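Understanding the architecture of this molecule
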Amino acid sequence: MTPDSSALTPAPRIAIFAPHPLLTITLEREGPEREQVHFHPGGQGVWVARMAACMGAEPVLCGFRGGESGELLDTLLRRLGGEQRLVDTASASGCYVTDRRSGERELLTCTLSDPPSRHELDELFSIACAEAIADGWLVVTNPMPGESLPLEVYGDLIADARVGGCRTLVDLSTPRLSSALRGKPDLVKLNDWELAEFVCGPVSEPAQLLAAAGRLRDEGAGTVVVTRGEHPALVLASERAWWLKAPRLTHGFREGCGDAMLGALAATWARGESLERALEIGAAAGAANFLRHGLGSASREVVERLLDSVVLEPITSAGD
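Residues numbered from 1 in each chain as written. Predicted model: local features only at pLDDT ≥ 70, side-chain atom pairs only at ≥ 80, totals over all residues. Heavy atoms only, no water.

Turning our eyes to something else, we now look at the pattern of salt bridges. All chains considered together, the criterion is met by 22 salt bridges. A salt bridge links lysine 189 to aspartate 171, with the nearest nitrogen and oxygen atoms 3.2 Å apart. Of this pair, lysine 189 sits in strand 10 (residues 187–191) while aspartate 171 sits in strand 9 (residues 167–171); the two residues are 18 residues apart in sequence, bridging distant segments of the chain. Exposure remark for aspartate 171: the relative accessible area of 4% places this residue in the buried category. (Salt bridge = Lys/Arg side-chain N within 4 Å of Asp/Glu carboxyl O. Helix = DSSP H or I, 4+ residues; strand = E, 2+ residues; numbered from the N terminus. Buried < 20%, exposed > 50% of the residue type's maximum accessible area, 1.4 Å probe, protein only.)

This is the structure:
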């Protein structure tokens, strides 16, 4: 029997700029008389990294940690797979507590980190940039809170990484997105309300959506992926455009679906697959995450089983 070639190929390494990993504490009811308290690492970059590892990549998480919450977080992050490049900060890592005992997700309390010092930020920037250039792949995610880092950080990091031969993928909100576009990222993923915020206008109609995505490309994005909840995502790449249709599901949890999608997309693309294949696997991973309570989590087997239900359909006109 010929061995599986994928098992013989080293896992691609992907640097993930995730400034603020969070300690998450979740209250769950398991049965009529039993309750559980779960501790997990969380935040956008963590959820991207978790799914990238699930799909066979080796994520390298670059972020801050500090205080008692940071000590707990450090232990939990080691279970993610991949590596961590964490910078110690004077401020404690962020933490939030959610209650899911009713079946809905209710935020009970949340504390976030203070802005880093210039020395702390310089250290993280240099670590993330060097790791991205060494690995050849970089995913850039939001800080928490959003305004905690200077805006120029995003564009500078992407530009420096790309000059070093790195492919860059970003999932950022405005105004951080505008900064990132200066660096000309290879792929921008965002949702429809983030796109509406970027263009300061509606994107509900297909023509509006295509025009807004086209503006992102005009301002520096290579490929644009716009997710729209249960509706097909829009993909705009060069002169091509598609509707990316994930499996239709009605009962699940949307939190982390976009992050799972980006993690799987990055892992697949970094493995040498085509952009089209990476998009399809990303959509399947987002659907797999929807079926679980965990954020940015799913099994590779479930992702691969859902893949046959994903459709990448070319768009021939703005009215399609």
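Right, let's get into the sheet that holds strand 9. With mixed pairing, the 10 strands of this open sheet are ordered in space as 5-4-1-8-9-10-11-12-13-14. Edge positions in the sheet fall to strand 5 (83–88) and strand 14 (311–314), since each has one partner strand and no second. Sheet twist, expressed as the mean angle between neighbouring strand axes with direction ignored, is 20°. Alignment of strand 10 against strand 11 (residues 223–228), held across 5 bridges, turns out to be parallel. The residue bridging asparagine 191 from the neighbouring strand is threonine 227, located in strand 11. Against the sheet, helix 8 (residues 206–218) touches strand 10, strand 11, strand 12 (231–237) and strand 13 (240–245), its axis set at about 40° to strand 12. Here helix 10 (residues 275–290) sits on the sheet and contacts strand 10, strand 11, strand 12, strand 13 and strand 14; the angle it forms with strand 13, its principal contact strand, is near 25°. (Pairing = 2+ DSSP bridges. Axes fitted to C-alpha atoms, helices over the stretch in contact; angles between N-to-C directions. Contact = heavy atoms within 4.5 Å.)

This part takes up the pairing of strand 4 (residues 58–65). Sheet faces and side chains relate simply in a regular strand, where the side chains alternate between the two faces. For strand 4, the buried fraction is high: 7 of the 8 residues fall into the buried class. Pairing of strand 1 (residues 13–17) with strand 4 involves 5 bridges; the strand directions are parallel. The partner of isoleucine 14 across the bridge, within strand 4, is proline 59. As judged from the 6 bridges shared by strand 4 and strand 5, these two strands associate in the parallel manner. Each bridged residue has a counterpart across the sheet, and for phenylalanine 64 the counterpart in strand 5 is valine 87.

This brings us to the packing of helix 4 (residues 118–135) against helix 5 (residues 152–163). As a packed pair, helix 4 and helix 5 sit with axes 9 Å apart at the nearest point and diverge in direction by 30°. Considered as vectors, helix 4 and helix 5 are oriented roughly parallel to each other. In the packing of helix 4 onto helix 5, the handedness of the crossing is right-handed. Of the residues in helix 5, those in contact with Leu121, Phe125, Ala128, Cys129, Ala132 and Ile133 of helix 4 are Val153, Asp156, Leu157, Asp160 and Ala161. When grouped by side-chain class, the residues that make up the contact of helix 4 with helix 5 number 9 nonpolar, no polar and 2 charged. (Parallel < 35°, antiparallel > 145°, perpendicular 65-115°, else oblique. Left-handed = near helix turned anticlockwise from the far one by under 90°. Nonpolar A, V, L, I, M, F, W, Y, C, P; charged D, E, K, R; others polar.)

For helix 2 (residues 44–54), the buried fraction is high: 9 of the 11 residues fall into the buried class. Among the residues making up helix 2, those that are buried are Gln44, Gly45, Val46, Trp47, Val48, Ala49, Arg50, Met51 and Ala52. Immediately downstream of helix 2, the backbone of glycine 56 shows phi near 100°, a positive value.

Note: most residues except glycine have negative phi, and most peptide bonds are trans. At the junction of methionine 144 and proline 145, the peptide bond is cis and its omega measures out at 10° in the coordinates. Position of proline 145 relative to the elements: it lies in the loop between strand 8 (137–141) and helix 5. Of note, the amide linkage connecting threonine 174 to proline 175 takes the cis form, showing an omega dihedral of 10°. Checked against the element boundaries, proline 175 lands in the loop between strand 9 and helix 6 (176–182).

The next subject is helix 8. Here helix 8 is 13 residues long and its end C-alpha atoms lie 18 Å apart, about the 18 Å a rise of 1.5 Å per residue gives. Regarding helix 8, the residues found buried are Leu209, Leu210, Ala212, Ala213, Gly214 and Leu216. Among the structural elements, helix 6, strand 10, helix 7 (192–199), strand 11, strand 12 and strand 13 are those in contact with the buried residues of helix 8. Phi turns positive one or two residues past the end of helix 8, at glycine 220, with a value near 135°. (Expected span 1.5 Å × (residues − 1).)

This part is about the environment of serine 117. On the secondary structure map, serine 117 appears in the loop between strand 7 (106–111) and helix 4. With a relative accessible area of 33%, serine 117 lands in the partly exposed category. Between the alpha carbons of serine 117 and valine 139 there is a distance of 23 Å; along the sequence they are 22 residues apart.

Counted under the stated rule, the structure contains 1 aromatic pair. A cation sits over an aromatic face here: arginine 215 above phenylalanine 198, 5.2 Å from the ring centre. (Phe/Tyr/Trp six-rings, centres within 6.5 Å; stacked < 30°, edge-to-face > 60°. Lys NZ or Arg CZ within 6 Å of the ring centre and 35° of its normal.)

With that settled, consider the environment of glutamate 255. By the secondary structure assignment, glutamate 255 is in the loop between strand 13 and helix 9 (257–270). Given the relative accessible area of 28%, glutamate 255 is considered partly exposed. Between the alpha carbons of glutamate 255 and phenylalanine 290 there is a distance of 7.6 Å; along the sequence they are 35 residues apart. Aside from chain neighbours lying at most four places away, what touches glutamate 255 is Arg100, Arg105, Asn289 and Leu295.

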